[in-house]
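Each chain, written out:
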Amino acid sequence: MLYDLAIIGAGPAGLSAAIYGSRGQLNTVFFGDETKSNLYKSHIVANYFAFPDSPTGPELTALGLKHALQFGATHIRNEIVDLSVNDDQTFTLKDNNKNNYQARTVIISTGQSFILSGIKGEQEFTGKGVSYCVTCDGFFYRNQPVIVVGSGDFAAEEAIQLSNYTQDISILSHGKDFSFSPATIEELRSRDVKMYRTPRLTQFVGTSEAPDQLSSIVFSQPLQGLDLAPDGATEIPAKGVFMAIGIAGANAFAKKLGLEMSGNYIKVDQEGRTNIPGLFAAGDCTGSPPQVATSVGNGCNAALSAIKLVRGLGAYIQYN
Ligand SMILES: Cc1cc2nc3c(=O)[nH]c(=O)nc-3n(C[C@H](O)[C@H](O)[C@H](O)COP(=O)(O)OP(=O)(O)OC[C@H]3O[C@@H](n4cnc5c(N)ncnc54)[C@H](O)[C@@H]3O)c2cc1C
C-alpha cells in the first residue's frame, strides 16, 4: 500500500503530525514506541498549554496516542531501520521486522538527533576510520575487515548493508546482549557476519606513525572466550568501525539521504521541509527548543505541509 504520509516517531512531534495528517484525510501511518519518547520520560510536565494540573509524561503520552488514533491513523510500534527515496520520488521505509512500507511523504520526528557513544577518541577519528553511515562510507571498506558496534536491529541492518562491500564483518555488542530476532540472526549468519558479545569499547586509537587514522579499539575489560583475540587482550586491531548503537536516529537517516544539517540537527525551513522534496522533519531532531509545545507545533506544521504537497494545494488550514 502507498501511504500518503508516514511518520517516524511517536513522541509529541510524531503524534501531533499523525493527528493533523489523519484529520486532514491523508492515509497516515506512524512508527515507533511512544514509551521511548522523551515526553514519556518526563516526571511531570508543568508548562504545557491547557494542562494546569501538571500531568506526568506517561499520562500526556497516553492522551496524545489516543488522540493520534482517533482520526484513523495507523500505529506500527516497530522501529524503522532504513529510509530511502525511490526513483518516482516516493519513499520506502523498512522496519526491524523486515516489512517495507511505501509513502508519498515522510516526517522524521525521531527526537534528539545525535547521541555520541562517549568512547574516547570518537570525534577525533570520525571520518578517519569511525563512520556512522554504511550508505555513505561502506564503499571505502571494500573487501576489508570492518566492525559494526551495536546490539539492536539498526546494527544488524548496517551489517547487512555492509555485506554488499565486504565479507569480513564483525558486530560487537558493546557491553549489551544482542536483541536480534531469530530471522535476523539467520540472515546475518547467511552473510557470514560474525557476532560477538563484548565488553564496552572505551577508546579509539591510532598509531604513532599515523596518529590521525584509526588502528585499534580498546575494551573496558579483557576479552574472554572469543575468537576475536587471545584471552586477556584488551585491544584489537580495527581500521573501519561503523557506529550503530541504539536505534536509527535522525542523524543516520540524514547522512544516508544527504539531508542538509545544521550541526547535529536536520535543517528545515519554516514549513518543516528538508532539502528533499516530500521529506519533512519535526521536533527535537530539528534543533528547535526541546519542549513539548514546540515539538507539537513542529509536528502540526510538517503535517500541514505534507497535506499541501499531497493535495497540490497552495495553502491548507484546519479550523474545525
Ligand atoms: C526528563 C525530561 C523532562 C522533560 N520535561 C519537559 C517539560 O517539563 N516540559 C517540556 O515542554 N518538555 C520537557 N522535556 C522535553 C520534551 O520531552 C521533548 O522536547 C519532546 O519529547 C520532544 O518530542 P519529539 O517528538 O521531538 O521527540 P521524542 O519525545 O524523543 O520522541 C521520539 C520518538 O521517536 C521514536 N523513534 C526514534 N527513532 C525511531 C526509529 N528509527 N523508528 C521508529 N521510531 C523511532 C522514539 O521511540 C519516540 O517515540 C523533557 C525531557 C526530558 C528527557
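Everything numeric here is computed off the predicted structure, so don't read it as measured data.

A. Quick look at the overall build of the protein. Along the protein, the regular secondary structure elements total nine helices and 17 strands. On C-alpha atoms alone, the protein measures out to a radius of gyration of 21 Å, which is about the 20 Å that the 2.2 N^0.38 rule sets for 320 residues. In the protein, buried positions account for 43% of the 320 residues.

B. How the structure looks around the packing of helix α1 (residues 12-23) against helix α3 (residues 57-70). At a closest axis distance of 8 Å, the pairing of α1 and α3 adopts a crossing angle of 25°. Relative to α3, the element α1 is oriented roughly parallel. Judged by the twist between their axes, the crossing of α1 over α3 is left-handed. Residue-level contacts link Pro12, Leu15, Ala18 and Ile19 of α1 to Gly64, Leu65, His67 and Ala68 of α3. When the residues that make up the contact of α1 with α3 are grouped by side-chain class, the tally is six nonpolar, two polar and no charged.

C. Layout of unusual backbone geometry. Positioned with a positive phi, alanine 50 is a non-glycine residue whose angle comes to about 70°. With respect to the helices and strands, the residue alanine 50 is situated in the loop between α2 (38-41) and α3. On the basis of neighbour counts, which here come to 4 C-beta atoms within 10 Å, the residue alanine 50 falls in the exposed class. Phi angles above zero are rare outside glycine, and glutamine 89 is one such case at about 70°. Inspection of the secondary structure assignment puts glutamine 89 in the loop between β4 (80-85) and β5 (91-95).

D. Just the sheet that holds strand β11 (residues 201-205), in detail. The three strands are arranged β11-β12-β13 in an open sheet whose pairing can be described as antiparallel. Looking at the sheet topology across the chains shown, the edges are occupied by β11 and β13 (235-237). The average angle at which neighbouring strand axes cross in this sheet is 25°, direction not considered.

E. Representation of the sheet that holds strand β7 (residues 130-131) in the model. Taken together, the five strands give an open sheet; going across it, the order is β7-β14-β8-β9-β10, and neighbouring strands pair in parallel fashion. Strand pairing shows two members of the sheet lacking a second neighbour, β7 and β10 (194-196), which therefore form its edges. Inspection of the sheet shows strand β9 (residues 169-172) paired to β10 by three bridges, in the parallel sense. Following the sheet pairing, serine 170 is matched in β10 by lysine 194. Lying on the sheet, helix α6 (residues 153-162) is in contact with β8 (146-149), β9 and β14 (241-243); it crosses β8 at an angle near 160°.

F. Examining the packing of α6 against helix α7 (residues 182-190) more closely. Running from N to C, α6 and α7 cross one another at 25°; their axes reach a closest spacing of 10 Å. As judged from the angle between their axes, α6 and α7 are roughly parallel. Note on packing geometry: the crossing formed by α6 with α7 is left-handed. Across the interface between the two elements, Asp153, Ala156, Ala159 and Ile160 of α6 pack against Thr184, Glu187 and Leu188 of α7. Among the residues forming the contact of α6 with α7, the class breakdown is four nonpolar, one polar and two charged.

G. Molecular detail of the domain arrangement of the protein. In terms of domain boundaries, the protein breaks down into domain 1 (2-114 + 248-311) and domain 2 (122-243). Inter-centroid distance (C-alpha atoms) of domain 1 to domain 2 is 30 Å. On the side of domain 2, eight residues touch domain 1, which itself brings 10 residues to the contact. For the side of domain 1 that touches domain 2, the elements supplying multiple residues, two or more each, are β4 and α8 (250-257). No other element matches the four residues that α8 contributes to the side of domain 1 that touches domain 2. Across the side of domain 1 that touches domain 2, the residue classes tally to three nonpolar, two polar and five charged.

H. Main features of the site of the ligand. In the vicinity of the ligand there are 36 residues, among which Gly9, Gly11, Gly32, Gly111 and Gly283 approach most closely. Sorting the residues of the shell around the ligand by element identifies α1, α2 and α9 (292-311) as the ones contributing at least two each. The residue inventory of the shell around the ligand, partitioned by class, reads 15 nonpolar, 15 polar and six charged.

I. How the structure looks around the environment of glutamine 89. The class of glutamine 89 is exposed, set by 12 C-beta atoms lying within 10 Å. C-alpha separation for the pair glutamine 89 and proline 277, spaced 188 residues apart in sequence, amounts to 7.8 Å. Beyond its immediate sequence surroundings of up to four residues, glutamine 89 is in contact with Pro277 and Gly278.

What counts, and where the lines are drawn
Residues numbered from 1 in each chain as written. Predicted model: local features only at pLDDT ≥ 70, side-chain atom pairs only at ≥ 80, totals over all residues. Helix = DSSP H or I, 4+ residues; strand = E, 2+ residues; numbered from the N terminus. Rg over C-alpha atoms; globule rule 2.2 N^0.38 Å. Buried ≥ 20, exposed ≤ 12 C-beta atoms within 10 Å, placed from the backbone. Axes fitted to C-alpha atoms, helices over the stretch in contact; angles between N-to-C directions. Parallel < 35°, antiparallel > 145°, perpendicular 65-115°, else oblique. Left-handed = near helix turned anticlockwise from the far one by under 90°. Contact = placed C-beta atoms within 7 Å. Nonpolar A, V, L, I, M, F, W, Y, C, P; charged D, E, K, R; others polar. Pairing = 2+ DSSP bridges. Domains from an automatic or database assignment. Near = placed C-beta within 6 Å.

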